[in-house]
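# Analysis of the macromolecular model
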Amino acid sequence: MDQQAGPLRQERHGAVLVLVIDAPPVNALGHALRAALWQAIEAAEADATVGAVLIRAAGRTFPAGADISEFGQPPRAPQLPDLCDRIEACPKPVLAAIHGTALGGGLELALAAHARIARADAMLGLPEVTLGILPGAGGTQRVPRLIGAEQALRLMLTGKPVPAAEALALGLLDGVVEDGLEVAALRLAEGLVGRRLTATRDRREGMRDGAAYQTAVAAARLAQAGARLPAGARIVDCVEAAQLLPIEQGMVFERAAFADLVATPEAAGLRHAFFAERAAARFPEAKAEARPVAQLGVIGAAGSDLALLALQAGCPVVLVEPNRPQLVEALERIAAAQETAVQEGRLTPAARDADWERLTPALGAAALADSDLVLVADAGLLAEAAEAAPPGAVLALTGRGALPDSPRASDIIGLRLVGGRLAELAVGPQTAPEAVATARAVARRLGLLCLRAATPGGIAGRVMLAGRAAVTHLLAQGEAPARVAGALRGFGLPQLAPEAAAEASETGASAGRIIARVLSAMANEGARLLERGIAQRASDIDFALVAGLGFPRWQGGPMFWADQRGLLILRRDLAEWGQEAPEIWAMAPLIADLAAQGGHFADHAAQAGSGQKDA
Ligand code: CAA
């Protein structure tokens, strides 16, 4: 009989018990799921009619890891490492069938099973290092036993997932199927009934060449020397321990390293950045239907960087610039960038030639007659673009400032490139939701991350400018440039350091004071953007700074920094410094409000409105 409740379904197929993980969206291994898996394995072990267990997942993916939202909360039994050990200790064969992305704790769960099969398009990886932690459910001990130190360290230190075929070649998988995973896995499980397979902890394939193992550990340790974040070095220690210690002790060693890392401020910052990036994808127009875009128009020579991105993304582009010399210069810039890409091996000459086939340069806006979205890089040419572009075409202004009035206001949006990686979408009160969705779809096609702002936008830039103003003020007050630069480098913000200052980075009391000055100016500006409804939520501001302007990801962002420190402290500092330089530190009323309620920026509810409040 099949049981259907909760995050785990159970199906019986003869002697095979199939456990179907069903915890949308990504089957993360949260407490309820862990408890259900534990119980199911216990029951399977006790049930004489069960001869083998198959673990697979419903929905889009095999578990994508531990539930990151549980980190920082008190651990709840059964913890993932214990669950993995429990599965591995099951005397009946346990098979894992992988599709989608088996990441982090998801892959560790699969490695605790006695055999693994995956669909060819599955990806397997240990991305924990990107969260400032390490595989903490036996991964650092089981993976090197199967595939050796060099490859295990590559997986864990880069955090990059590998395709199923590579995982098979490495020895992480026992089989790969093109499709029909469920059926293939069931057949395999039936064949395993009654057999006793070697547990991963008892396997040694990756440890046969002890000297090579040690060489790989030594090389990785050297490469980690001086690294800013501690996770890499701890991963190397754990992989070394896998060779030196019996597995039980290796597991204890790993668990201690995991506990240390997960509690670091860097890991908290990286978790915040992870969720901030995903929260930024939620905004009022996100579900509107994007209009199809077959051809992209760019008007204004300053848009050549975006034209290049569009060409690289395979999009046909019409580039309009009424001034002939400027048009030629724009084309030269594109050609020069491509030349560099060819020389560096990032672009083949054939791909470059194909890019030029897709590019149509023109002097007159009439050439935009078939463009579905026009990037307006010169606001002075908006009227011409609006006249020439077909009805329904989106007009995306790439410059700063409020969106101008226009009879086509519902088609107009701001799309500003921030630092080459982020597109800030500035939405006006009249911008149609479909125009927002279309601009976002195009930006994504160009390989950009997106952030929605209300017009006039400029979130990342304004906050960074506030930090810069604080630096300028400190220097004018006589603070030593080398000390300011050292503090900023120590924090991870070299881009704000005064030029020509010494290379050292600095920590300690004076650095803390300098950082507090600069970061409180940034958080204060962020609070103003929240008050005006330009930013939807505090984490959007953090995301903009991290994704667009190189704010150190492990520091989370300026709003996260302020929340961690406490808004009462921010309020106290601003009350004092606001007297000294009100244009930088005069307190945004929102801070006083939130502080009075014992609140955080993270509590500030989104202002769902799309209009500018007081721009
Ligand atoms: N825990 C909790 N929530 C998670 C999650 C996780 N591990 N992974 C994804 N989610 C959530 C996201 O926050 C998002 O939620 P909202 O829709 O509410 O915003 C939702 O799942 C969908 O995620 P994405 O938007 O990222 O979806 P995608 O299709 O673009 O990508 C993915 C899917 C590749 C799995 C991607 O989500 C991802 O890389 N996830 C993280 C993987 C990871 O880092 N795993 C390791 C966790 S740490 C660990 O496992 C430690 C250990 O050793 C015990």
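Residues numbered from 1 in each chain as written. Predicted model: local features only at pLDDT ≥ 70, side-chain atom pairs only at ≥ 80, totals over all residues. Heavy atoms only, no water.

### Some points on the packing of helix H18 (residues 509–531) against helix H23 (residues 589–596)
Inclusion rule: With axes taken as lines fitted to C-alpha atoms, and helix axes fitted only over the stretch in contact, angles between N-to-C directions fall between 0 and 180 degrees. Strands are runs of DSSP state E lasting at least two residues, helices are runs of H or I lasting at least four, and both sets are numbered from the N terminus onward. By definition in this entry, angles of less than 35 degrees are roughly parallel, angles greater than 145 are roughly antiparallel, angles of 65 to 115 are roughly perpendicular, and the rest are oblique. By definition, residues are in contact when any of their heavy atoms lie within 4.5 Å.
For the pair H18 and H23, interaxial distance at closest approach is 8 Å and the crossing angle is 95°. It follows from the interaxial angle that H18 and H23 lie roughly perpendicular. Contacts between H18 and H23 involve Asn524, Ala527, Leu530 and Glu531 from the former and Pro589, Leu590 and Ile591 from the latter.

### Digging into the nonpolar core
We apply this condition: Only buried Ala, Val, Leu, Ile, Met, Phe, Trp, Tyr and Cys residues count toward a nonpolar core, and they belong to the same one when joined by side-chain atoms within 4.5 Å. For every residue, the accessible area (1.4 Å probe, protein chains only) is compared with the maximum for its type, and the residue is labelled buried under 20%, exposed over 50%, or partly exposed between those bounds.
Counting residues in each nonpolar core, the largest one holds 73 residues, and the members touching the most others are Leu19, Leu37, Ile98 and Val143. Ranked by residues supplied to this core, first place goes to helix H4 (residues 139–158) with eight residues.

### Thoughts on the side chain of glutamine 536
The test is simple: Side-chain atoms alone can form a polar contact between residues adjacent in sequence; in general such a contact is a pair of N or O atoms within 3.5 Å, and within protein one must be able to donate a hydrogen while the other accepts it.
As for its position among the elements, glutamine 536 is in the loop between H18 and helix H19 (538–549). Among the polar contacts listed, one links the side chain of glutamine 536 to the backbone oxygen of arginine 282, at a separation of 3.4 Å. Looking at glutamine 536, its side chain comes within polar contact range of the side chain of aspartate 540, at 3.5 Å.

### Looking at the confidence of the model for the chain
Note the following rule: The pLDDT value expresses, per residue, how confident the predictor is, ranging between 0 and 100.
Of the residues in the chain, 96% reach a pLDDT of 70 or more, and the chain-wide mean stands at 95. A low-confidence stretch, residues 607–615 (pLDDT under 50), is modelled with 24 contacts involving residues beyond four sequence positions or located in other chains.

### Regarding the site of the ligand
The following threshold applies: Nearness is judged by heavy atoms alone; a residue qualifies as near a molecule or strand once a single heavy atom is within 4 Å of it. Note on areas: Shrake-Rupley with a 1.4 Å probe; residue coverage comes only from the protein chains shown. Polarity classes work like this: nonpolar for Ala, Val, Leu, Ile, Met, Phe, Trp, Tyr, Cys and Pro, charged for Asp, Glu, Lys and Arg, and polar for all others, with Gly in that last group.
The full set close to the ligand counts 26 residues, and Arg60, Gly105, Glu108, Arg278 and Arg282 are the nearest of them. Here a nitrogen atom of the ligand and a backbone polar atom of alanine 66 are 2.8 Å apart. The separation between an oxygen atom of the ligand and a polar side-chain atom of arginine 278 is 2.6 Å. Out of a free accessible area of 980 Å², the ligand has 72% covered by protein chains. Top element by residues in the shell around the ligand is helix H10 (residues 265–279). It accounts for three residues. In terms of residue class, the shell around the ligand is made up of 15 nonpolar, five polar and six charged.

### Focus: helix H1 (residues 31–46)
We count it as follows: Each residue after the first adds 1.5 Å to the expected span of a helix.
Here H1 is 16 residues long and its end C-alpha atoms lie 23 Å apart, about the 22 Å a rise of 1.5 Å per residue gives. Inspection of H1 places His31, Leu33, Arg34, Ala36, Leu37, Ala40, Ile41 and Ala44 among the buried residues, and these make up the whole buried set. Contacts made by the buried residues of H1 are with strand S1 (8–13), strand S2 (16–21), strand S3 (52–57), helix H2 (80–89), strand S4 (94–98) and helix H3 (105–112).

### Description of the pairing of strand S11 (residues 317–320)
What counts is decided by this rule: DSSP-based pairing: two strands are paired if at least 2 bridges between them are found. A crossover gets the label right-handed when its path from the first strand over the helix to the second runs clockwise, viewed with the strands pointing away from the viewer.
By the alternation rule, side chains of S11 split into Val317 and Leu319 and Val318 and Val320, which are all buried. When strand S10 (residues 296–299) meets S11, the two strands line up parallel, connected through four bridges. Across the sheet, leucine 296 pairs through a bridge with valine 317, a residue of S11. Running through helix H11 (residues 304–312), the crossover from S10 to the neighbouring parallel element S11 is right-handed. Looking at chain direction, S11 and strand S12 (residues 359–362) are connected through four bridges and run parallel. Each bridged residue has a counterpart across the sheet, and for valine 318 the counterpart in S12 is threonine 360.

### Observations concerning the environment of asparagine 27
In this fold, asparagine 27 is placed in the loop between S2 and H1. When its relative accessible area of 2% is taken as the criterion, asparagine 27 is described as buried. Residues asparagine 27 and alanine 216 lie 189 residues apart in sequence; the distance between their C-alpha atoms is 34 Å. Setting aside chain neighbours within four positions, we find asparagine 27 in contact with Ile21, Asp22, Leu33, Ala57, Ala58, Thr61, Phe62, Pro63 and Ala64. For asparagine 27, the side chain forms a polar contact with the main-chain oxygen of alanine 58, separated by 2.9 Å. Within the structure, asparagine 27 has its side chain in polar contact with the backbone oxygen of threonine 61 (distance 2.7 Å).

### Description of the sheet that holds S12
Read from one edge to the other, the open sheet built from eight strands follows the order S12-S11-S10-S13-S14-S15-S16-S17, with strand pairing classed as mixed. With one partner strand each, in any of the chains shown, S12 and strand S17 (449–454) form the two edges of the open sheet. For this sheet the average axis-to-axis angle between neighbouring strands, irrespective of direction, equals 25°. Across the sheet, helix H12 (residues 324–343) touches S11 and S12, and the angle it forms with S12 is around 160°. Packing against the sheet, helix H13 (residues 349–358) makes contact with S11 and S12, and its axis sits at approximately 45° to S12.

### Looking at the sheet that holds strand S7 (residues 123–125)
As summarised here, the arrangement of the three strands in space is S5-S7-S8, forming an open sheet in which the pairing is mixed. Of all the strands in the sheet, the pair left with one neighbour each is strand S5 (101–103) and strand S8 (162–163). Contacts between H3 and the sheet are confined to S5 and S7, with S5 contributing the most and set at about 90° to the helix.

### Considering the pattern of salt bridges
In plain terms, the rule: Put simply, a salt bridge is a Lys or Arg side-chain nitrogen that is within 4 Å of an Asp or Glu carboxyl oxygen.
Inspection of the entire model under this criterion finds 35 salt bridges. For arginine 408, the salt bridge identified is with aspartate 411, shortest N-O distance 3.1 Å. Side by side, arginine 408 and aspartate 411 carry an identical accessibility label, which is buried. Overlapping salt bridges bring together Asp85, Glu88, Arg142, Arg201 and Glu248 as one network.

### Focus on the state of the cysteines
Heads up, the condition is: Cysteine sulfurs are considered disulfide-paired once they come within 2.5 Å of each other.
On inspection of all chains with the given rule, the structure shows zero disulfides. The cysteine cysteine 238 is free of any disulfide, with cysteine 84 supplying the nearest cysteine sulfur at 15 Å. In this structure cysteine 238 comes out as buried when scored by relative accessible area, which is 0%. Cysteine 450 supplies the cysteine sulfur nearest to cysteine 315, a cysteine that is in no disulfide, at a spacing of 15 Å.

### Some points on helix H8 (residues 231–244)
For H8, with 14 residues, the first-to-last C-alpha span of 20 Å sits near the 20 Å given by 1.5 Å per residue. Buried within H8 we find Ala231, Gly232, Ile235, Val236, Cys238, Val239, Ala241 and Ala242.

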